[in-house]
Amino acid sequence: MSTVLITGATSGLGRYVAFELVRSGHVVLAHGRDQARTEHLVAELRTEGAAEGFVADLARLSEVRELGARVAEAHPELDVLINNAGVGGGTPGSGRDLSADGHELRLAVNYLAPVALTRSLLPVLRENTPARIVNVGSAGQEPLDFADPELTRGYSGLSAYCRSKFALAAHTFTLAEELADTGVAVNVLHPATFMDTAMVRESAVTPWHTVADGAPGVLALATEERGSGGYFDGTRRARAHEGTYDPQVRRRLTAVTDQLLAV
């Protein structure tokens, strides 16, 4: 059985997946932003199996890196990372939000945080092969403007969200090439469309699916051999936005990412 770190585990899809994993006998490391909610979740998970909680604000890159360091030290056997936490498009018409580090919030939480967390945990994952990284993305993808990656002009929360998920998919494909033949697989998926979550309801969208509909795709990539460098729509292999496969786009994204993470 695996030791799995799942971010954003205190609600929505993350919570559902955490319970499915712990009931299947996996050790679940549940990340949350709020101490009390995380402790409450872990107490519930422990009635089903083995679980431990980790608290961090993914809008603070220093806390993201500290989270990676704490998990690596406490669980050197970690072999699965599920980057699930995210910020949606927000209330329609709402203004541009910034992270604690001054980055556009959706880019920070949905993209920069999983990149930074993955990088901090790669040494451990490479020691525990076969290992898996699952990036929870979205079918909503919009190319980044590399001249304005933080969307300072013509801002919309939905556009910011879609750009962050485009970046996450493109990064996944680049990382998969870097990790070829290491035994660490990395894939990205769209779990289900408009699941019944706080993120979707905040966007004033009537949910189409439940989190139970979105869980099978995440669970399959976390627990089964599904190759590496793939984009999945639920459990089915699919195609991401064509721009995410463009080598030039991916090179520019890597350069911009390194620059933003260094700030």
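Each remark here, short or long, concerns the structure printed above.
The following paragraphs examine the structure supplied in this document.

**Some remarks on the overall build of the protein**
Of the regular secondary structure elements, the protein holds eight helices and eight strands. Expected size for 263 residues packed as a compact globule is a radius of gyration near 18 Å; at 17 Å, the protein falls within 12% of this value. Along the longest, intermediate and shortest principal axes, the C-alpha atoms of the protein span 50 × 40 × 35 Å. The 263 residues of the protein split such that 54% are buried. Just so you have it, the protein exposes about 11200 Å², and 49% of that area is on carbon and sulfur atoms. Separation between the mean location of the 24 positive side-chain charges and that of the 32 negative ones in the protein comes to 3 Å.

**Some thoughts on the nonpolar core**
Judged by nonpolar contacts, the single largest core of 44 residues is most densely connected at Leu5, Val71, Leu78, Tyr111, Leu121 and Ile133. In contact with Leu5, not counting residues within four places along its chain, are Leu29, His31, Val71, Leu78, Val80, Leu81, Ile82, Leu117 and Leu121. Among the nonpolar cores identified, the runner-up in size contains 27 residues, and Ala18, Val42, Leu189 and Leu219 belong to it.

**A few points about the pairing of strand E3 (residues 51-55)**
Inspection of the sheet shows strand E2 (residues 27-32) paired to E3 by five bridges, in the parallel sense. When the bridges of E3 are listed, Val28 appears paired with Ala51. A crossover connection joins E2 to the parallel E3 through helix H2 (residues 35-45); in handedness this β-α-β unit is right-handed.

**Here we look at the environment of Ala18**
Structurally, the position occupied by Ala18 is in helix H1 (residues 12-23). Under the relative-accessibility criterion, Ala18 is labelled buried at 0%. When the C-alpha atoms of Ala18 and Ala51 are compared, they prove to be 9.1 Å apart, with 33 residues separating the residues in sequence.

**Re the sheet that holds strand E7 (residues 231-233)**
Read across the open sheet, the eight strands follow the order E3-E2-E1-E4-E5-E6-E7-E8; overall the sheet is mixed. One side of each edge strand has no neighbouring strand; the edge strands of this open sheet are E3 and strand E8 (236-238). Taken over all neighbouring pairs, the strand axes of this sheet differ in orientation by 25 degrees on average, direction set aside. Lying over the sheet, helix H3 (residues 61-74) contacts strand E1 (3-6), E2 and E3, oriented at roughly 155 degrees with respect to E3. Lying over the sheet, helix H4 (residues 105-127) contacts E1, strand E4 (80-83), strand E5 (131-136) and strand E6 (184-190), oriented at roughly 175 degrees with respect to E4.

**Details of the side chain of Asn187**
Along the polypeptide, Asn187 turns up in strand E6. For Asn187, a relative accessible area of 3% puts it in the buried group. A distance of 3.3 Å separates the side chain of Asn187 from the backbone nitrogen of Gly229, its partner in a polar contact. A polar contact of 2.7 Å, which involves the side chain of Asn187, links it to the backbone nitrogen of Gly230.

**Description of H2**
Along H2, the residues that are buried comprise Thr38, Leu41, Val42 and Leu45. The arc that holds every buried residue of H2, seen down its axis, measures 100 degrees, which confines them to one face. Across H2 from its buried face, at more than 90 degrees, point the exposed residues Ala36 and His40. Of the surrounding secondary structure, the elements contacted by the buried residues of H2 are H1, E2 and E3. The backbone nitrogen of Ala36 lies 3.2 Å from a side-chain oxygen of the residue at the head of H2, namely Asp34.

**So, unusual backbone geometry**
The linkage connecting Thr129 with the following residue, Pro130, adopts the cis geometry, with an omega of 0 degrees. Within the secondary structure, Pro130 is located in the loop between H4 and E5. Not every positive phi belongs to a glycine, and Leu151 is a case in point at roughly 55 degrees. Even without glycine at this site, Asp181 takes up a positive phi of about 70 degrees. Mapped onto the elements of the fold, Asp181 is located in the loop between helix H5 (157-178) and E6. For Asp181, a relative accessible area of 85% gives the class exposed.

**Considerations on the pattern of salt bridges**
Opposite charge on two side chains makes pairing possible when the charged atoms of those side chains draw close. One pass over the structure, following the stated rule, counts twelve salt bridges. Put simply, Arg250 and Glu177 hold a salt bridge, and the shortest N to O gap is 2.8 Å. Of this pair, Arg250 sits in helix H8 (residues 247-262) while Glu177 sits in helix H5, placing them 73 residues apart in sequence. The structure contains a network of salt bridges with shared partners spanning Glu20, Arg23 and Glu48.

Rules used in this analysis
Residues numbered from 1 in each chain as written. Predicted model: local features only at pLDDT ≥ 70, side-chain atom pairs only at ≥ 80, totals over all residues. Heavy atoms only, no water. Helix = DSSP H or I, 4+ residues; strand = E, 2+ residues; numbered from the N terminus. Rg over C-alpha atoms; globule rule 2.2 N^0.38 Å. Buried < 20%, exposed > 50% of the residue type's maximum accessible area, 1.4 Å probe, protein only. Areas by Shrake-Rupley, 256 points an atom, 1.4 Å probe, with all protein chains shown as cover. Lys, Arg positive; Asp, Glu negative; His and termini not counted. Charge placed at Lys NZ, Arg CZ, Asp CG, Glu CD. Core = buried A, V, L, I, M, F, W, Y, C linked by side-chain atoms within 4.5 Å. Contact = heavy atoms within 4.5 Å. Pairing = 2+ DSSP bridges. Right-handed = clockwise from strand over helix to strand, strands pointing away. Axes fitted to C-alpha atoms, helices over the stretch in contact; angles between N-to-C directions. Polar contact = N/O pair within 3.5 Å; in protein donor to acceptor, adjacent residues only side chain to side chain. Arc of directions from axis to C-beta. Salt bridge = Lys/Arg side-chain N within 4 Å of Asp/Glu carboxyl O.

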